[in-house]
Structures are given as structure tokens and as C-alpha cells.
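Spelled out, the chains give:
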Amino acid sequence: MAVLEIEIGIDEQTRIQRDAEHAGVSVSEWARRRLFGTSPVTFTTDDGEVYEIPDLPEDLGRATAIASEQTLRKFWDTPEAEAAWRNI
């Protein structure tokens, strides 16, 4: 593993620390996410449990569609749905 060192001013350091704290992560994790554009998708259940899923896309609409595909397939892939689409 490599260690990246950069020189920043006190104002920049304060802002980065504040942004990392707001995101609920360490400064190192915040910087990694900013550098590489990755951040895990989190889902919160109706009972308040939070699940972090690091390999889903950040776009929650797309992530939800991917995560729900198997469940929703039973509604999408029906003879009735196919017939309805043909009439549009």
C-alpha cells in the first residue's frame, strides 16, 4: 500500500475534516472516495437498520433497480405485462 502526502493549508484541512465528519467517515476514507469516485450505497430498512453495500452504483435509482431485479421480475415478466406493453 502507498501513502499519499499532500501539503494543505489550515483552512483546507479544517474543511476536509468537517466534510469527512459530515459523511461519517475518516479523513483517509473521505479522501479515497473523492480520489477514486467510490462510495458505498446505503439502504435503510423500515425498522431503521442500515446496510452498506460497497459494490452497487451510487445512483440510488439504478442501485435499487439492480437490487430489486429478481424480486420485481415476477411482476414484470408475466403474460399480462407483455400483453399490456404490446398495446401501448
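So, here is what we can say about the structure in this document. (Residues numbered from 1 in each chain as written. Predicted model: local features only at pLDDT ≥ 70, side-chain atom pairs only at ≥ 80, totals over all residues. Heavy atoms only, no water.)

1. Description of a nonpolar patch on the surface
Link 1 in the chain: Residues Leu4, Ile6, Ile8, Leu35 and Phe36 make up a contiguous nonpolar surface patch of about 580 Å² in total accessible area.
Link 2 in the chain: Residue class for Phe36 comes out exposed when judged on its relative accessible area of 62%. (Patch = residues over 30% accessible without salt bridge, like charges linked within 9 Å, V, L, I, M, F, W, Y side chains within 5 Å. Areas by Shrake-Rupley, 256 points an atom, 1.4 Å probe, with all protein chains shown as cover. Salt bridge = Lys/Arg side-chain N within 4 Å of Asp/Glu carboxyl O. Buried < 20%, exposed > 50% of the residue type's maximum accessible area, 1.4 Å probe, protein only.)

2. A short note on helix α1 (residues 10-23)
Link 1 in the chain: Relative to the 20 Å expected for 14 residues at 1.5 Å per residue, α1 spans 20 Å between its end C-alpha atoms, a close match to the ideal helical length.
Link 2 in the chain: Phi for Gly24, located one or two positions after α1, is positive at around 75°. (Helix = DSSP H or I, 4+ residues; strand = E, 2+ residues; numbered from the N terminus. Expected span 1.5 Å × (residues − 1).)

3. Some words on the pattern of salt bridges
Link 1 in the chain: Considering all chains together, one arrives at 1 salt bridge under this definition.
Link 2 in the chain: A salt bridge links Asp19 to Arg15, with the nearest nitrogen and oxygen atoms 3.8 Å apart. Taken together, the residues Asp19 and Arg15, both in helix α1 and 4 residues apart, mark about one turn of the helix.
Link 3 in the chain: Assessed through its relative accessible area of 26%, Asp19 is described here as partly exposed.

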